[in-house]
Amino acid sequence: MTKKRVIDLVKGHLLLVVLSFFCSTALAETRHGLFVGVNEYGQRLTSLSGCVIDATEMRGACLRNGGWSSTNTVRLVDSSATLTAVRTTFGNLAKAAKSGDTVLYYQSSHGGSEEDAGGNPTKDACICLYDDDYTDVAFAEDLSAFRDGVRVIVILDTCHSGGMFKGAKGAKAVRPAWNFVQLVQKRLAERKRQAKGASGPSVGWITAADYDEYSWDGRYGAVFTSEFLDGWHSGDADADGDGKLSFFELYDYAKDVAIDDGTEAQCDNEDLLKAT
């Protein structure tokens with residue numbers, strides 16, 4: 001059957017954050033970060049509006065409030081965010097991060113998949129970069145390169161990004177085979193089983209939408225991301241009042257806006273999110 005490229009273009013907005021867990025009492029812990037935002041894709045995809053702002057603002061929040069340093073963070077946006085550049089930089093983070101370190105991967109962009117003429121998924125799910133797609137296979141491969149003891153969180157602000165964290169809606173509901181997060185988790189688990197004596201990184205996820213929902217791009221950033229950062233800057237997300245913000249608290253604060261906008265944010269591995 002003839003295959004066609006199908007990319008979610010309904011103002012779909014992808015925010016991918018990968019954050020490895022750290023112990024707040026570990027003096028030797030270092031935080032690294034890669035921040036990717038793609039509004040422009042040459043001629044291959046329609047433009048978005050808020051992705052570069054998202055990547056810039058998330059990096060800024062981490063530098064000001066999160067303990068990251070400019071020397072350990074990289075921002076790649078638009079034409080600089082090629083598949084080669086992103087994978088190379090992410091690979092460099094895997095080489096640099098040691099057990100207990102925090103590594104943040106943030107991406108804001110389109111996401112999609114390939115389907116055949118009948119609309120059936122035939123190939124990998126992907127997140128979109130300037131010149132090519134970052135498939136679930138490649139992303140799982142790059143995640144598996146992180147050492148044991150590096151605990152990773154992935155946050156997606158994208159249409160159809162979630163869904164694997166809860167049961168399907170209705171007895172006949174079927175989850176799409178192109179769910180990016182689900183496929184990455186599956187492939188990462190397979191790699192862990194094949195790697196004798198190695199556990200690899202621990203991974204937690206946040207998504208701004210369920211598998212059958214949209215998330216929304218905006219002129220000044222994505223709806224979910226904007227609220228996420230507002231809770232961080234204002235401190236209003238500090239639900240327990242301990243003066244410290246965890247990524248779970250930020251997710252919990254922002255998810256109400258996502259619901260108001262017609263989507264339902266998701267999370268997985270709450271213990272990791274609460275500890276980070």
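This text follows the structure it describes.
Residues numbered from 1 in each chain as written. Predicted model: local features only at pLDDT ≥ 70, side-chain atom pairs only at ≥ 80, totals over all residues. Heavy atoms only, no water.

### A short note on the pattern of salt bridges
Link 1 in the chain: What the rule picks out here adds up to eight salt bridges.
Link 2 in the chain: Asp-142 is the salt-bridge partner of Arg-87, the closest N and O atoms lying 2.9 Å from each other. Here the residue Arg-87 occupies a position in helix H2 (residues 83–96), and Asp-142 occupies one in helix H3 (residues 136–143), the gap between them amounting to 55 residues.
Link 3 in the chain: Its relative accessible area of 26% is what places Arg-87 among the partly exposed residues. (Salt bridge = Lys/Arg side-chain N within 4 Å of Asp/Glu carboxyl O. Helix = DSSP H or I, 4+ residues; strand = E, 2+ residues; numbered from the N terminus. Buried < 20%, exposed > 50% of the residue type's maximum accessible area, 1.4 Å probe, protein only.)

### Some words on the environment of Ala-81
Link 1 in the chain: With respect to the secondary-structure elements, Ala-81 resides in the loop between strand E4 (73–77) and H2.
Link 2 in the chain: Spatially, the C-alpha atoms of Ala-81 and Asp-132 are 9.6 Å apart, while their sequence positions differ by 51 residues.
Link 3 in the chain: When near neighbours in sequence (up to four residues on either side) are disregarded, Ala-81 contacts Val-36, Val-38, Leu-76, Val-86, Leu-129 and Tyr-130. (Contact = heavy atoms within 4.5 Å.)

### Structural notes on the packing of H3 against helix H4 (residues 180–194)
Link 1 in the chain: Axis separation between H3 and H4 bottoms out at 8 Å; the angle between their running directions is 45°. Comparing the axis directions of H3 and H4 gives the class oblique. Along this stretch, H3 crosses H4, giving a crossing that reads as right-handed. The segment H3 lies against H4, with Asp-136, Val-137, Phe-139, Ala-140, Glu-141 and Leu-143 engaging Phe-180, Leu-183, Val-184, Arg-187, Leu-188 and Arg-191.
Link 2 in the chain: The residue makeup of the contact of H3 with H4, split by class, is eight nonpolar, no polar and four charged. (Axes fitted to C-alpha atoms, helices over the stretch in contact; angles between N-to-C directions. Parallel < 35°, antiparallel > 145°, perpendicular 65-115°, else oblique. Left-handed = near helix turned anticlockwise from the far one by under 90°. Nonpolar A, V, L, I, M, F, W, Y, C, P; charged D, E, K, R; others polar.)

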